[in-house]
Each structure stands twice: as C-alpha cells, then as structure tokens.
Amino acid sequence: MIATEQEPKSLLSFDRERWKGWYESQPNEYDYWIEDIEGEIPPALNGTLFRNGPALFDINGQRLHHPFDGDGMVCAIAFDQGRVHFCNRFVRTEGYLKEQQSEKILYRGVFGTQKPGGLWANAFNIKLKNIANTHVVYWGGKLLAMWDAAEHYRLDPKTLETLGKDDRDGIWAKGDVSKTHYRIDPNCNQDGGAPCLVSFVIKLGILNCKITIHEQDPTGKLQRSYSHIVPGFAFMHDLVITPNYCIFVQNPMTFNPIPFFLGLKGAARCLKPKPNSPTRILVIPRHGKQPMQVLETQAGFTYHHVNAFEQGDRIYVDSIAYESEPLNKVEPGTDYRDIDFNTVPPGQLFRFTLNLADSTVQQQQLLERCCEFPAVHPHHVGRPYRYVYMGVAERPTGTAPLQAIAKLDLTTGEQQIWSAAPHGFVGEPIFVPHPDAKGEDHGWVLALVYDSSHHQSDVVILDGRDLNQGAIARLHLKHHIPYGLHGSWTPTVFN
Ligand code: CO
C-alpha cells in the first residue's frame, strides 16, 4: 500500500532517490546461467535478446553531465529451451580504453559532458568519443553496436568481445554520418520476398544535407543505395518504411555549432527549434529514380516512429511525438537526476496520415499517456498492423519515467497495461513472435526492468496476447543494468 488519503497514488508512482539507482554505473562484466527465476520460461522461446545502453555514468568518480554520454555496454540474454544465459560486455571503443587507462574524462560528450579544466580545456576541442551505446543488431553474420555519429563496432555475438570498427563493408562514403536506426523489411518485393535491412546515413552541408539509404540482404550484401538532397539541417534519428517508400520526419531545427567549438556547450545543446517552421515529412521511393515528395505539418519533434503502412494514395505513419525536443533540458552545472519532469514535454503516440495525391497531412493523437520505445510484430513492419507495445508512464498524464508496458489495439483502442510501479522502471519492450503464431499478438514481450527496491534488474517475459495476466516469468539478474536504449532479437541462440 503506497497511497495515502492526502497523497493519491498518482503522485507517488516512483521514489526519486530509488529511481536514481538506475543511473548508477555498472562497471562489472558477467557471464552466467540465470538461476533465480519466478514463473516458467516458455520452452518455445529460443533465441538471443541483445540490448545496448550507456552503463558508465562516471569516470573514476567524475560524473558525466548527461546519461547519454555514457560508454555503451551490450547485454546478450540467450534463451535455450527453457534455460537462459546472461552475458554483458562494454564495447571496447578507443575512447573507452583510453579513459579507463587514464582514469579521467578525456573527451567532451555530445550531450554536454565537459573535460575537467574549464573553458580552456574544452574550447576548440571537437573530437567526439564514439561511445557505441545506442543500438545493437545481428545482421549478415555480424553483431554491430551502433551510435548516431560514427562507425559501428563489431562484437563477437557469443562472447561480446569487441572485434574492431566496422563500416559495413565500405558502403559508407567519406563524410557520411552513420545513424543507428534501421528497419527490416520482412518481405522485400524487390528481392523476391526475402527480408532486407534498410539503414541510412546523412552527409551534413551548410545549406542542405544529403541522405543516403542502403538496403542490405540477409547476408549483408548491399542490394540498393539511393540518395536525395534535403534542404536545411536534417535532424533525423529514425525512419519508417513501407513496401514502396522510406519515410523520414525532418524536425524543424537549426544547428549553430559555434558554442560547441568555443567549448561552451555540448553539440546536442547547439540544436535549436526553428521558429514558425513546419515539420517536413520526406517520402522517398524505394524503386527507381522517382523524385522525393515533401509534405508539411505543424511543428513538433520526434525521435522514434512505431510503423508505417500504405493504403491507396495514403501512407499512415505512427510516431512518438513531442511538443519540443525533450532531451536537452539538463542545464549546464545541474545534475540530470534532479530534473523537474514538469519541464520535459511528454512523448505521445500520434498518427500522421499522408495524402500523396494532394500533399496534405492529417495528425491525430492516439494516446495521451507519456510513452517511448515502441515495438511491433516484425512481420508487420511497413504493413497494416493492429498492435503496438510501448514503455509508458504509470500516470495517465504528464511526464514521468517509464514504469509500465502498454499494449494498444489500434483497431478497437483497447489498452492493456502491465505495471512495474512503484519500484520498477522499464526499458524498451521487444516483441518476439511465437514460432507457431496464430495471430499478430501471439508471442512474448521481453523487457529489462530495474527493481529499485533491490537495486537489481529482471528480465521480464509477458504474454503478448494478454498483459493483464501478469508476467509469465521474471528472471532475476545478480546485479543491476542501468537505463538502456535500444535492442533487438535474433532467433539464433548465442550462449
Ligand atoms: Co533511438
């Protein structure tokens, strides 16, 4: 019982001091079979869940300014006929190795971490540390840890040992800035129905940017590349695909790098909303050399999209949208763990209906509750779909940490919510289809949940058909895993 008459439960969904434990560094690396298990692991659930995220929030006690500046640590959670193996390793980037050796902060972070020594130590120092902390994917026989502005790092999928930098077999041109997000077309109609991985890079220019899309087959071989010039500054973190199009949402932002060069601000804090400018939606054909179509809608900000699909002249794009950029709210000289959530806009689920015939866009809010990290059935990527799973706040309104997982039925509007509040904090859910699936929601939802009452993390398995029945199994790890970013599933068992 946590609510009292004076203080309704809605105001007490979490305890800030306990929440802060999610942002404690995890410097240790583990390799063990998970034995502390509640419930039963489904024997048909076989494969490996890879997760990535920042896991060092200090270097030898010197705290970083923003959690997203932390070194990337990859976890591999391998499900093997009812048994589960856990392994985690830091990505041995050049920066990680140098800072661990020197035991001090040697690099400035994109999100505002400064080197010690004040302005003179930071001015004109624009060397960024590739922290490889944002996403991880197994594709074409390679496990890649990815960050938004540098080469990927290749890891051994079994041991998570860092094998070195990887430029995807040289498909990137000089000056291309890699992006972490990708989409897997489950049934590419240009490749005879084989799956393909669609990723993108951006080359930044003064007045415009060049966006290049690469499509790789399951062996990693490049099948297609195509480029378009995009006017203005292109701040884009994610994309969505349909069988015929790649779609990007160009947030109305400007980038003034001068305060970064002068050592005054992190690069991400040099992004500013462009006043009175619309959000531009870029619709890029995946076939032939047809032109890109640009549609406009009201200003806003998106990091992540849920999915997209085509119906006649229309494309439906579902996204998590914010009133303004949410991550740069940590003022210099302040501790992000003391952030006032009331100053951060909530992410909310929206549907954008693009009418290609008359170039108009309609916006509709599908859910008010603060949400992030959406997941859908992999076979429905780019196709009509019914269910979305997301991390959501415990409270139905306002901004708060993600403490629950929601399933939303887009056909009926029905919601199911599995909550870990008040002590639990959830990461990105991943939907894994049942091998003999009978329906889009027939499978499991996997998530890492931080249990702040024990300062340990759990791997939670939910039944995708019914979140209300509670967790099928909770696998207790021997330690905590800090706040994470993105992950992915592969049916190959690596243990
Ligand atoms: Co992302």
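About the thresholds
Residues numbered from 1 in each chain as written. Predicted model: local features only at pLDDT ≥ 70, side-chain atom pairs only at ≥ 80, totals over all residues. Heavy atoms only, no water. Helix = DSSP H or I, 4+ residues; strand = E, 2+ residues; numbered from the N terminus. Buried < 20%, exposed > 50% of the residue type's maximum accessible area, 1.4 Å probe, protein only. Contact = heavy atoms within 4.5 Å. Areas by Shrake-Rupley, 256 points an atom, 1.4 Å probe, with all protein chains shown as cover. Lys, Arg positive; Asp, Glu negative; His and termini not counted. Charge placed at Lys NZ, Arg CZ, Asp CG, Glu CD. Donors = N, O, S within 2.8 Å, 3.2 Å for Na, K, Ca; no water. Tetrahedral: all angles 85-135°; square planar, octahedral: opposite > 155°, others 65-115°. Pairing = 2+ DSSP bridges. Axes fitted to C-alpha atoms, helices over the stretch in contact; angles between N-to-C directions. Polar contact = N/O pair within 3.5 Å; in protein donor to acceptor, adjacent residues only side chain to side chain. Core = buried A, V, L, I, M, F, W, Y, C linked by side-chain atoms within 4.5 Å. Salt bridge = Lys/Arg side-chain N within 4 Å of Asp/Glu carboxyl O.

(A) Layout of the overall build of the protein. When helices and strands are tallied, the protein shows four helices and 35 strands. Each principal axis of the C-alpha atoms in the protein carries an extent, and together these give about 60 × 55 × 50 Å. Expressed as a percentage of the 495 residues in the protein, the buried residues total 58%. Residue pairs at least 24 apart in sequence account for 60% of intrachain contacts in the protein once pairs closer than 6 positions are excluded. Summing over all exposed atoms, the protein offers an accessible surface of approximately 20300 Å²; the carbon and sulfur share of this is 50%. Charge centroids of the protein, computed over 47 positive and 55 negative side chains, lie 6 Å from each other.

(B) Geometry of the environment of Phe309. The topology assignment puts Phe309 in strand S22 (residues 301-311). Between the C-alpha atom of Phe309 and that of Thr242, which follows or precedes it by 67 residues, the distance is 5.4 Å.

(C) Structural detail: the coordination of the cobalt ion. Within the first shell, the cobalt ion binds the protein through His181 (NE2), His237 (NE2), His304 (NE2) and His486 (NE2), at distances of 1.9 to 2.1 Å. With four donor atoms in place around the cobalt ion and angles of 90 to 162 degrees between them, the coordination shape is irregular. Mapped onto the sequence, the residues coordinating the cobalt ion show the spacing H-x55-H-x66-H-x181-H. On the criterion of sequence distance, the pair formed by His181 in strand S12 (residues 177-185) and His304 in strand S22 is long-range, its members being 123 residues apart. Each member of the pair, His181 as well as His304, is classed as buried.

(D) Representation of the pairing of strand S7 (residues 83-90). Burial analysis of S7 places six of its eight residues in the buried class, which makes it a mostly covered element. For strand S1 (residues 31-33) and S7, the ladder comprises three bridges, and the chain directions are antiparallel. The residue bridging Asp31 from the neighbouring strand is Cys87, located in S7. By the bridge criterion, eight bridges tie strand S6 (residues 71-80) to S7 in an arrangement that is antiparallel. Within the sheet, the bridge partner assigned to Ile77 lies in S7 and is Phe86. Linking S6 to S7, which pair antiparallel, is a turn of two residues; within it Gln81 sits at a positive phi near 50 degrees.

(E) How the structure looks around the sheet that holds strand S8 (residues 135-139). One open sheet accounts for four strands, arranged S8-S9-S10-S11; its pairing is antiparallel. Looking at strand neighbours, the two that pair on one side only are S8 and strand S11 (162-166), the edges of this open sheet. Within this sheet the neighbouring strands show an average axis-to-axis angle of 30 degrees, counted without direction.

(F) Examining the side chain of Lys407 more closely. Here Lys407 lies in strand S28 (residues 402-409). The exposure class assigned to Lys407 is buried, which follows from its relative accessible area of 5%. Engagement of the side chain of Lys407 in a polar contact is seen with the backbone oxygen of Gly464, the distance being 3.1 Å. Looking at Lys407, its side chain comes within polar contact range of the main-chain oxygen of Arg465, at 3.1 Å.

(G) View of the nonpolar core. In terms of nonpolar packing, the biggest core is built from 42 residues, with Cys246, Phe248 and Leu349 touching the most fellow members. Beyond its immediate stretch of four places on either side in the chain, Phe248 contacts Phe200, Ile211, Ile213, Met236, Asp238, Leu239, Arg280, Ile281, Leu282 and Ile284. Among the nonpolar cores identified, the runner-up in size contains 35 residues, and Tyr23, Ile131, Tyr389 and Val460 belong to it.

(H) Main features of the pattern of salt bridges. In this structure the tally under the stated criterion is 23 salt bridges. One salt bridge in this structure joins Arg89 and Asp31, with 3.9 Å as the shortest N-O distance. Within this pair, whereas Arg89 is found in strand S7, its partner Asp31 is found in strand S1, the two being separated by 58 residues in sequence. Of the charged contacts in the structure, one is a salt bridge between Lys129 and Glu99, with a shortest N-O distance of 2.4 Å. Of this pair, Lys129 sits in the loop between helix H3 (118-122) and S8 while Glu99 sits in helix H2 (residues 94-102); the two residues are 30 residues apart in sequence, bridging distant segments of the chain. The class for Lys129 is buried, based on a relative accessible area of 9%. Using a relative accessible area of 2% as the deciding quantity, one classes Glu99 as buried.

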